[in-house]
Amino acid sequence: MPRKQRRDFGSNEPAGPGKRRLRWRADMHDGRGYTRHSKTIRGTRADGSRFLAQMELKYGDDHPCPTIGQAWEVWVLPDMLEMNKAYLADPKPAERGQRNKMKSSTLKQHLSTWRVHVGPRWENVTATGVRYSDVQQWLDTKTQKVAGRCLVMLRLILRYCVRNGELTHNVAEDDYRMPLAGKTYDHGIWSLDELCDGVWRAVYGHPCEAAVLLAAFDGARTGECLAPRLDEVEAIERDGVTYCSVPFLRQVGNEGDVSADEDLKNKWGPRPTVVPPPWGLRLLELRDEALARDEVWLSDDGCGEPLSQRAVRRDFQKALATADVRPLQYRALRRSWRSWIATVGISPEILEKMMGHSDGSTTSRYYLQTSAQSLADELSRANDWGKMPGWDILGRK
């Protein structure tokens, strides 16, 4: 008869191919008191031992101090999965300051940080065994950006340990010397003339053109500028000037996945926007050309799906490589728009709304409502768009 493989908290026996039968005694706070429990799981002996360790941590009368790996599996990861489940049930951003939802992309990043960086170093270290000097030495081996993510993850895990009475001090809350090594980027901006004579000319006729126009001349974030559908793009007339109305209602991810409507970076993200001429006129031309091809999206990949963030950034950099223009990141388009648009006389409150921000004031949050029509009125009041650069690219003066 095979000998049972026991551990202090229970037994872990084979129960057929790929299965383990687990038995343990504990008060699981289900009203039955201290009694015997059993469970059959699919997995290996190691999986069974891991499950018993979790039960011991949760319900053992005199359990040892948990390891970082146990704290992650018992407390942190289940909470993250529940928050992601809440997000999937109602895919809209959580209110500021609330921690009750987690986007799938955020969960994916946390899982990657644990798997690649935090778990290999700290999984088998007890919570009380995490030392300041060891954390600093660990951070020194990372790039600056990665070190920041790693410290956030370790800090979060140790917070759960403090909340559950396993620690009195979270060593990851202390001040650390962050590494200087890392990728460096030019965080500059393009001037309006550079955007028109350099960037727009470079991308003219490229698949990324519509997205670039929305970022450089309408302030869209990368995912937002890929998501407008052709049937949402409209012309608006004000004082004899034609503007292009493009609402931002959703976003496209790195791989081309499309979010639910109103699922943007924050609750102020879904918004109407209006692109002035000459750039708005070009967007209307691109819309009409795409409709003639029976496409669906303003930035369509030709197969009925929107271009992905990865594809548009690749096409953008390819176009810039052949032009006489400073090579900045795609995200510099939005920064550049915020710089030049502030000089044409639009009110700061309206600008924050156009960017999908809230300035924090009661007026901005609750009373300053914008529509495509009101934005067109504001743009018409603020500037003479017939004097802006770029008209010659459309063959007009």
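Quick caveat, the model's predicted, so the values are computed rather than measured.

Conventions we followed
- Residues numbered from 1 in each chain as written.
- Predicted model: local features only at pLDDT ≥ 70, side-chain atom pairs only at ≥ 80, totals over all residues.
- Heavy atoms only, no water.
- Helix = DSSP H or I, 4+ residues; strand = E, 2+ residues; numbered from the N terminus.
- Rg over C-alpha atoms; globule rule 2.2 N^0.38 Å.
- Buried < 20%, exposed > 50% of the residue type's maximum accessible area, 1.4 Å probe, protein only.
- Contact = heavy atoms within 4.5 Å.
- Areas by Shrake-Rupley, 256 points an atom, 1.4 Å probe, with all protein chains shown as cover.
- Lys, Arg positive; Asp, Glu negative; His and termini not counted.
- Charge placed at Lys NZ, Arg CZ, Asp CG, Glu CD.
- Phe/Tyr/Trp six-rings, centres within 6.5 Å; stacked < 30°, edge-to-face > 60°.
- Lys NZ or Arg CZ within 6 Å of the ring centre and 35° of its normal.
- Expected span 1.5 Å × (residues − 1).
- Core = buried A, V, L, I, M, F, W, Y, C linked by side-chain atoms within 4.5 Å.
- Polar contact = N/O pair within 3.5 Å; in protein donor to acceptor, adjacent residues only side chain to side chain.
- Salt bridge = Lys/Arg side-chain N within 4 Å of Asp/Glu carboxyl O.
- Pairing = 2+ DSSP bridges.

A. Inspection of the overall build of the protein at higher detail. A tally of helices and strands in the protein yields 13 helices and seven strands. For 397 residues, the compact-globule estimate of 2.2 N^0.38 gives 21 Å, and the protein exceeds it by more than 25% at 27 Å. Expressed as lengths along the three principal axes of its C-alpha atoms, the size of the protein is roughly 90 × 45 × 45 Å. Counting only residues that meet the buried cut, the protein has 48% of its 397 residues in that class. Within the protein, counting contacts between residues at least 6 apart in sequence, those at least 24 apart form 64% of the total. About 20700 Å² of surface is accessible on the protein, with carbon and sulfur atoms providing 48% of the total. Computed over 60 positive and 54 negative side-chain charges, the separation of the two mean positions in the protein equals 9 Å.

B. Molecular detail of the packing of aromatic side chains. Considering all chains together, one arrives at 13 aromatic pairs under this definition. Between tryptophan 200 and tyrosine 204, the ring centres sit 6.5 Å apart and the planes meet at 50°, which makes this aromatic pair tilted. A residue is classified by how much of its surface remains accessible, and tyrosine 204, at 34% relative accessible area, is partly exposed. Residues phenylalanine 217 and tryptophan 279 carry aromatic rings whose centres are separated by 4.4 Å and whose planes lie at 5° to one another, so their mutual orientation is stacked. Residue phenylalanine 217 is found in helix 7 (residues 209-218), and its partner tryptophan 279 is found in helix 8 (residues 279-292); the two are separated by 62 residues along the sequence. An identical accessibility class is assigned to phenylalanine 217 and tryptophan 279; each is buried. An aromatic cluster is defined as three or more aromatic residues linked by ring pairs; in this entry it consists of Trp200, Tyr204, Phe217, Trp279, Trp340 and Trp385. Across from the ring centre of tyrosine 160, 4.9 Å away, lies the NZ or CZ of arginine 163, which sits over that ring. Taking the ring centre of tyrosine 204 as reference, the NZ or CZ of arginine 282 above it sits at 4.2 Å.

C. Expanded view of helix 1 (residues 45-59). When the terminal C-alpha atoms of helix 1 are compared, their 21 Å separation across 15 residues agrees well with the 21 Å that a helix rising 1.5 Å per residue should span. Among the residues of helix 1, those classed as buried are Gly48, Phe51, Leu52, Ala53, Gln54, Met55, Glu56, Leu57 and Tyr59.

D. Spotlight on the side chain of aspartate 315. Along the chain, the position of aspartate 315 falls in helix 9 (residues 309-321). Sequence-distant contacts of aspartate 315, that is, excluding residues within four places in its chain, are made with His206, Pro207 and Cys208.

E. Main features of the nonpolar core. With 68 residues, the main nonpolar core has Trp190, Phe217, Trp279, Phe316, Leu333 and Trp340 as its most contacted residues. Examining the composition of this core, we find that eight residues originate from one element, helix 7, more than from any other. Ignoring sequence-local partners within four residues, the contact set of leucine 333 consists of Trp190, Leu195, Val199, Val212, Ala215, Ala216 and Phe316. Counting 35 residues, the second-largest nonpolar core is a separate cluster that includes Trp72, Val76, Val135 and Cys150.

F. Layout of helix 11 (residues 348-355). The element helix 11 is extensively covered by neighbouring structure, given that six of its eight residues are classed as buried. Those residues of helix 11 lying buried are Ile350, Leu351, Glu352, Lys353, Met354 and Met355.

G. Broad picture of the side chain of serine 245. As for its placement among the helices and strands, serine 245 is situated in strand 6 (residues 241-245). Aside from chain neighbours lying at most four places away, what touches serine 245 is Glu232, Val233, Glu234, Ile236, Thr273, Val274 and Ala372.

H. The environment of arginine 159, seen in detail. Of note, arginine 159 is situated in helix 5 (residues 144-163). Residues arginine 159 and glycine 256 lie 97 residues apart in sequence; the distance between their C-alpha atoms is 35 Å. Once residues lying within four places of it in the same chain are set aside, the contact partners of arginine 159 are Asn170 and Glu173. One polar contact links arginine 159 to glutamate 173, side chain to side chain, over a distance of 2.7 Å.

I. Quick peek at the pattern of salt bridges. All told, the structure shown has 21 salt bridges when counted by the stated rule. In this structure, arginine 338 and glutamate 352 form a salt bridge, with 3.5 Å as the shortest nitrogen-oxygen distance. Taken together, the positions of arginine 338 in helix 10 (residues 332-341) and glutamate 352 in helix 11 put the pair 14 residues apart, joining distant regions of the chain.

J. Layout of the pairing of strand 5 (residues 234-238). Note that strand 5 and strand 6 share five bridges and pair antiparallel. From the neighbouring strand, glutamate 237 faces strand 6, where its bridge partner is threonine 242. Between strand 5 and strand 6, which pair antiparallel and follow one another directly, the connecting turn spans two residues, one of which, aspartate 239, has a positive phi of 55°.

K. Representation of the pairing of strand 3 (residues 19-27) within the structure. Alternating positions in strand 3 separate cleanly, Arg20, Leu22, Trp24 and Ala26 being buried on one face and Lys19, Arg21, Arg23, Arg25 and Asp27 remaining unburied on the opposite face. With antiparallel pairing between neighbouring strands as the criterion, strand 2 (residues 10-14) and strand 3 make up a hairpin whose turn holds four residues, including glycine 16 at a positive phi of roughly 110°. Count of turn residues in the strand 3/strand 4 (residues 34-42) antiparallel hairpin: six residues, of which histidine 29 carries a positive phi of about 60°.

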